[in-house]
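Chain by chain, the residues run as shown.
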Amino acid sequence: MYEGALADLVDELGRLPGIGPKSAQRIAFHVLGSDKADVDRLADVLRTVKEQVRFCTVCGNVATEEQCRICRDPRRGDELICVVEEPKDIIAVERTGEFRGRYHVLGGAINPLDGVGPDDLRIRELMMRLQAGATKEVIIATDPNTEGEATATYLALMIGPMGLAVSRLASGLPVGGDLEYADEVTLGRAFEGRRLIQ
């Protein structure tokens, strides 16, 4: 539809996750209409991120140094490790202000249909961390979907013989939600994860 550099830009933007053809086109025309200084700043930031941001050698989170700020933080306890699929999941947990332990990023979830098995994830690194002996509990915070559940089950089977407590984040009804709009799976999980209030 377009030619030259504009077509290349639309194609490259369309390869980004969550960006469809129409969004790619809108963004491309926004860039085309932007000041050169703004476009240069965006290009510089993209280059800088690619050159300076890496993955933490301990937990797999994003970092600008060898270790991320959470792994360097002496106020964090080693007794709890929260296992997540991706670095962006750490941000969601951190926003709650409820967790003061350490993290471990798997880099995805077990998904045989896409050819992702346990050896493709950072499970071996997790097991080595757990063998150090400082951890008392592993909280599995994988997504509540088929792949996340398969990953959680696999991790529980691997960690169980080590004698550590293994827990899974509760799932169920959102705060402010109505029962009539909850699907059967969500409502079933809410019943399974119920807790006593008195």
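Residues numbered from 1 in each chain as written. Predicted model: local features only at pLDDT ≥ 70, side-chain atom pairs only at ≥ 80, totals over all residues. Heavy atoms only, no water.

Caption draft 1: A look at the packing of helix 6 (residues 123–131) against helix 7 (residues 146–159). Between helix 6 and helix 7, the shortest axis-to-axis distance is 11 Å and the interhelical angle comes to 35 degrees. Remark: the crossing between helix 6 and helix 7 carries right-handed chirality. Residues Ile123, Leu126, Met127 and Leu130 of helix 6 lie in contact with helix 7, whose contacting residues are Tyr154, Leu155, Met158 and Ile159. (Axes fitted to C-alpha atoms, helices over the stretch in contact; angles between N-to-C directions. Helix = DSSP H or I, 4+ residues; strand = E, 2+ residues; numbered from the N terminus. Left-handed = near helix turned anticlockwise from the far one by under 90°. Contact = heavy atoms within 4.5 Å.)

Caption draft 2: Looking closely at the UniProt feature "zinc finger region: C4-type" (unreviewed entry) in the chain. Sequence positions flagged by UniProt for "zinc finger region: C4-type" (unreviewed entry) are, in local numbering, residues 56–71. Helix makes up 19% of residues 56–71 and strand 12%. Its end C-alpha atoms lie 8 Å apart. (UniProt positions renumbered as here; feature names shortened; annotations may be inferred.)

Caption draft 3: Spatial organisation of the sheet that holds strand 3 (residues 80–84). With respect to topology, four strands assemble into an open sheet ordered 4-3-5-6, the strand pairing being parallel. Whereas interior strands pair on both sides, the edge strands pair on one side only; in this sheet they are strand 4 (102–105) and strand 6 (165–168). For this sheet the average axis-to-axis angle between neighbouring strands, irrespective of direction, equals 25 degrees. When strand 3 meets strand 5 (residues 137–140), the two strands line up parallel, connected through four bridges. Residue pairing across strands places Cys82 opposite Ile139, the latter belonging to strand 5. Sheet contacts for helix 5 (residues 87–96): strand 3 and strand 4; angle to strand 4, the most-contacted strand, approximately 150 degrees. Most of the contacts of helix 6 go to strand 4, to which it runs at about 150 degrees, and overall it touches strand 3, strand 4 and strand 5. (Pairing = 2+ DSSP bridges.)

Caption draft 4: Spotlight on the domain arrangement of the chain. Examined at the domain level, the chain breaks down into domain 1 (9–52) and domain 2 (70–168). Distance from the C-alpha centre of domain 1 to the C-alpha centre of domain 2: 33 Å. (Domains from an automatic or database assignment.)

Caption draft 5: How the structure looks around the pattern of salt bridges. Evaluated as defined, the whole model comprises ten salt bridges. Linking Asp73 and Arg100 is a salt bridge whose minimum nitrogen-to-oxygen distance equals 4.0 Å. Of this pair, Asp73 sits in the loop between helix 4 (69–72) and strand 3 while Arg100 sits in the loop between helix 5 and strand 4, placing them 27 residues apart in sequence. In this structure Asp73 comes out as buried when scored by relative accessible area, which is 12%. The closest approach of N and O atoms between Glu149 and Arg168, which form a salt bridge, is 3.0 Å. You can see Glu149 sitting in helix 7 and its partner Arg168 sitting in strand 6, a full 19 residues away along the chain. Each of the salt bridges in this network shares a partner with another, and the network as a whole consists of Asp73, Arg75 and Arg100. (Salt bridge = Lys/Arg side-chain N within 4 Å of Asp/Glu carboxyl O. Buried < 20%, exposed > 50% of the residue type's maximum accessible area, 1.4 Å probe, protein only.)

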